[in-house]
Amino acid sequence: QAGQSNTNVDQLQATTQTYDNSEEKYSFTYPSTLKDGMEDITYAPYDTGNAETDKYVVDKSLLHESNSEYCAPIGECTPTTRDFVLNAAVIESSIARIKNSIATSEVKTERIGQYTVLTTTQGVEGEGLIWYFVALPSGRTLMFTQKYMDESVMSKYKSVKDFIPFKEQNRITREIISSLIFTK
């Protein structure tokens, strides 16, 4: 049925793991069904004008692959589809500088768990990126980058049993952000 998930949501949430970044003093939990991996998402939606404070290195990359062929718009195909990727990275810039460097119409402020989070989205033809920015106690910013695929636009994925639906991808990201703990 359209709009219904074929993914076993209980299985997605059955067990969790914890990522702990002792250097940056934060941790979060995530579903064990997400694999450690590295998805190179180098584009960021901000430019504060300072290359030193704008750069970042991904601390943690989580991904999920579906057993369905993926063909990029440029024609390259892979035997599986990365339907969900979430990267966490620390940016030297403050959240205020980042907010001021993104066009105001593109930035939303929302409450996720106990945190005030800036979000912005860019996408086309059913896939794209959502960025979530959370202020760190150090004055820097924790950036989560969610690479998504939306089965309501990319309809071939509606029938893929292990595809994580777009709404579920967003729920997982928000649960991960809600689980954030900052230590001293």
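Going by the structure above, here's the rest.
Residues numbered from 1 in each chain as written. Predicted model: local features only at pLDDT ≥ 70, side-chain atom pairs only at ≥ 80, totals over all residues. Heavy atoms only, no water.

Moving on to the overall build of the protein chain. Helix and strand counts for the protein chain stand at four helices and twelve strands. Here the protein chain holds 184 residues, and 47% of them are scored as buried. Intrachain contacts of the protein chain at a sequence separation of at least 6 include 61% that bridge at least 24 residues. Summed over its atoms, the accessible surface of the protein chain is roughly 9,700 Å², and 49% of this surface lies on carbon and sulfur atoms. (Helix = DSSP H or I, 4+ residues; strand = E, 2+ residues; numbered from the N terminus. Buried < 20%, exposed > 50% of the residue type's maximum accessible area, 1.4 Å probe, protein only. Contact = heavy atoms within 4.5 Å. Areas by Shrake-Rupley, 256 points an atom, 1.4 Å probe, with all protein chains shown as cover.)

One open sheet holds the seven strands; their spatial order is β3-β4-β7-β11-β10-β9-β8, and the pairing between them is antiparallel. Among the strands making up the open sheet, the edge pair consists of β3 (35-36) and β8 (108-112). Relative to strand β10 (residues 127-135), strand β9 (residues 115-124) is paired through seven bridges, and the arrangement is antiparallel. The residue bridging Leu118 from the neighbouring strand is Phe133, located in β10. This element, helix α4 (residues 166-178), spans β4 (56-66), β7 (81-91), β8, β9, β10 and β11 (141-149) of the sheet and lies at about 165° to β11. (Pairing = 2+ DSSP bridges. Axes fitted to C-alpha atoms, helices over the stretch in contact; angles between N-to-C directions.)

Bringing the state of the cysteines into the picture now. Per the counting criterion, the structure on display carries one disulfide. Here Cys71 connects covalently by a disulfide to Cys77, the sulfurs 2.0 Å from one another. Given an S-S torsion of about 110°, the disulfide between Cys71 and Cys77 has right-handed geometry. (Disulfide = S-S within 2.5 Å.)

Let us now look at the packing of aromatic side chains. Applying the stated rule across the entire model yields eight aromatic pairs. Seen in terms of ring centroids, Tyr115 and Phe182 are 5.5 Å apart; in terms of plane orientation they differ by 80°. Their pairing is edge-to-face. Of this pair, Tyr115 sits in strand β9 while Phe182 sits in strand β12 (residues 181-182), placing them 67 residues apart in sequence. What makes Tyr115 buried here is its relative accessible area of 11%. A relative accessible area of 22% places Phe182 in the partly exposed class. Relative to Phe166, the ring of Tyr148 has its centre 4.9 Å away and its plane inclined at 50°; by these criteria the two rings are tilted. Of this pair, Tyr148 sits in strand β11 while Phe166 sits in helix α4, and the two are 18 residues apart along the sequence. Since its relative accessible area comes to 10%, Tyr148 is described here as buried. An aromatic cluster of at least three residues, connected via ring pairs, comprises Tyr19, Tyr26, Phe28, Tyr30 and Phe144. (Phe/Tyr/Trp six-rings, centres within 6.5 Å; stacked < 30°, edge-to-face > 60°.)

Applying the stated criterion across every chain yields a total of eight salt bridges. For Arg140, the salt bridge identified is with Glu24, shortest N-O distance 2.1 Å. One end of the pair, Arg140, is in the loop between β10 and β11; the other, Glu24, is in the loop between β1 (16-21) and β2 (26-31), and 116 residues separate them in sequence. For the pair Arg140 and Glu24, a shared accessibility class is recorded, and that class is buried. (Salt bridge = Lys/Arg side-chain N within 4 Å of Asp/Glu carboxyl O.)

This next bit is on the environment of Ala103. Within the secondary structure, Ala103 is located in the loop between α3 (95-101) and β8. Taking relative accessible area as the criterion, Ala103 reaches 40% and is therefore assigned partly exposed. Taking C-alpha positions, Ala103 is 9.6 Å from Thr120, a pair spaced 17 residues apart along the chain.

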